[in-house]
Each structure stands twice: as C-alpha cells, then as structure tokens.
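Architecture at a glance
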Amino acid sequence: PYDLPVNQYGIHRFEHALFPLDDSKKDIEPNFILAAAQMRNEAPQTIDSQFAINFIATAEALPNISFESILSGNIVSELFEDRTLLVGLGKSSDSPGFQTPVHTGSRSLSLVEYNGFALDTLIENRIIQWPGRYAILLIVSVIVIVSLFVFPLFSDKLFFICAGLFYLFTVVGSFLLLRYA
C-alpha cells in the first residue's frame with residue numbers, strides 16, 4: 001500500500017512506513033520503501049507509522065538517470081551493483097512537485113525523488129528524532145535563565161553582540177547536528 005506524503009502547510013517532511021490493512025488497525029503492513037530497506041537488512045528495528053525524512057544528510061540530490069540513457073546502453077552496469085533502484089517519472093516542468101524543508105520552488109522534488117530520500121533515510125538509519133519533553137524543558141529553561149539573569153548584566157552593545165553570536169551558534173550547531181549526527 002502507498003499513500004501520498006502528508007504535508008504540513010505545504011511542506012513535506014514525513015513518509016508513511018506502516019499501513020493498517022483493515023479498519024481494526026491490528027494488522028499492519030510496511031509500505032514499499034520500508035520493505036525495500038528491510039530486504040537490504042538495513043532498516044531500523046523499530047519504527048513509527050510515520051517517520052521524518054532527513055533531507056540534509058545526503059548530497060544536494062540523489063543520482064538521476066534518464067530512461068533514454070538506460071535504453072541506449074550509455075551506462076556502466078557496475079554503477080548499479082549493490083544498490084537499490086527506484087524507477088519512476090521525473091518532475092515535469094508544469095508540475096509543482098513536493099516542497100521539502102530544503103527543496104523549494106523550482107528545486108522541488110518528484111515523487112520518485114521524494115521516495116528516494118525516504119529510502120536513503122531508512123537505509124542509512126538517519127531518521128530525524130525529535131527531542132524528548134525533558135530535553136525541550138532543559139533547552140527552554142537555559143534560554144530563559146540566560147535571558148533573565150545574564151543578558152541584563154551586559155551593556156546594550158555587548159547584549160546585541162552576544163545575542164548575535166548565540167543565534168549564529170544555534171544555527172550552525174543545528175546544521176551540524178542534523179548533518180552529521
């Protein structure tokens with residue numbers, strides 16, 4: 001079974017991993033992306049019914065090869081050894097495609113590219129995990145404590161410099177965590 005990816009305010013971040021076979025929701029079946037990752041014995045052992053796709057962990061785009069190139073024989077067969085191939089239609093010029101956190105506008109993805117990122121996320125086991133409630137409480141508490149007790153001790157100029165550095169550290173730290181963690 002397969003269903004189109006769910007969007008949140010026009011941005012696609014998640015992929016369905018499991019589908020109920022009937023209304024009782026007791027019998028579930030993996031979708032083809034999870035099944036492909038399981039066939040490679042590289043799927044996570046436990047997974048929710050939806051998972052967040054890590055679009056940043058891979059290169060800018062997954063390799064794309066046109067069907068004409070395959071038919072003409074202009075491709076070295078060793079490129080496909082020990083790889084999972086997804087075959088499908090590319091994004092046409094009049095299709096809006098799938099907008100993701102890192103692929104927007106003219107760089108939006110076709111459905112097969114979106115599924116490729118989902119499969120890569122499962123194979124590489126780079127599913128984005130949301131922090132637990134205690135981690136969020138700790139982060140918010142640190143921000144509040146710094147805001148209430150430390151920043152008022154600074155002069156206005158030093159306050160804006162420290163706030164800018166804190167923002168820069170947060171952005172770079174988030175990027176590095178999502179990219180390499």
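So, here's what we can say about the structure.

Definitions and cut-offs
- Residues numbered from 1 in each chain as written.
- Predicted model: local features only at pLDDT ≥ 70, side-chain atom pairs only at ≥ 80, totals over all residues.
- Heavy atoms only, no water.
- Helix = DSSP H or I, 4+ residues; strand = E, 2+ residues; numbered from the N terminus.
- Buried < 20%, exposed > 50% of the residue type's maximum accessible area, 1.4 Å probe, protein only.
- Areas by Shrake-Rupley, 256 points an atom, 1.4 Å probe, with all protein chains shown as cover.
- Patch = residues over 30% accessible without salt bridge, like charges linked within 9 Å, V, L, I, M, F, W, Y side chains within 5 Å.
- Salt bridge = Lys/Arg side-chain N within 4 Å of Asp/Glu carboxyl O.
- Core = buried A, V, L, I, M, F, W, Y, C linked by side-chain atoms within 4.5 Å.
- Phe/Tyr/Trp six-rings, centres within 6.5 Å; stacked < 30°, edge-to-face > 60°.
- Contact = heavy atoms within 4.5 Å.
- Expected span 1.5 Å × (residues − 1).

A short note on the overall build of the protein chain
- Within the protein chain, the secondary structure is distributed over five helices and six strands.
- Taken from N to C terminus, the helices and strands of the protein chain fall in the order β-β-β-β-β-α-β-α-α-α-α.
- Counting all 181 residues of the protein chain, 24% fall into the buried class.
- As displayed, the protein chain offers around 13,100 Å² of accessible surface, 62% of which is attributable to carbon and sulfur atoms.

Considering a nonpolar patch on the surface
- Taken together, the side chains of I136, V140, V144, I145, L148, F149 and V150 present a nonpolar region at the surface, about 630 Å² in accessible area.
- Take F149: it is sitting in helix α4 (residues 133–150).

Points about the nonpolar core
- If you look at the biggest cluster of nonpolar residues, it comprises 18 residues, and the most contacted ones within it are F51, I53, F55, Y114, L119 and L122.
- Going through the elements one at a time, α1 (32–39) and α3 (111–123) are the ones with two or more residues in this core.
- Ranked by the residues each element gives to this core, the list is headed by α3, at six residues.

Topic: the packing of aromatic side chains
- Under the counting rule described, the total for this entry stands at one aromatic pair.
- On the basis of an interplanar angle of 35 degrees and a centroid distance of 5.4 Å, the ring pair of F98 and Y114 is categorised as tilted. One end of the pair, F98, is in the loop between α2 (67–72) and α3; the other, Y114, is in helix α3, with 16 residues separating them in the sequence.
- The exposure class of F98 is buried, given its relative accessible area of 13%.

A short note on the side chain of H12
- You can see H12 is positioned in strand β2 (residues 11–12).
- When near neighbours in sequence (up to four residues on either side) are disregarded, H12 contacts P5, V6, N7, F55, F98, Q99, T100, P101 and Y114.

Here we look at α3
- Taking 1.5 Å as the rise per residue, α3 with 13 residues should run 18 Å; its terminal C-alpha atoms sit 18 Å apart, in good agreement.
- Taken as a whole, α3 has its buried residues at V112, E113, Y114, N115, G116, F117, A118, L119, D120, T121, L122 and I123.
- Looking one or two places after α3, you find N125, whose phi comes out positive at around 55 degrees.

Regarding the environment of M39
- Turning to its location among the elements, M39 is positioned in helix α1.
- Spatially, the C-alpha atoms of M39 and T84 are 10.0 Å apart, while their sequence positions differ by 45 residues.

Some details on the environment of F151
- Counting through the fold element by element, F151 comes out in the loop between α4 and α5 (156–180).
- A relative accessible area of 16% places F151 in the buried class.
- Sequence separation between F151 and C162 is 11 residues, and the spatial gap between their C-alpha atoms is 8.4 Å.
- Beyond its immediate chain neighbours, meaning those up to four positions away, F151 contacts V146, F159, C162 and A163.

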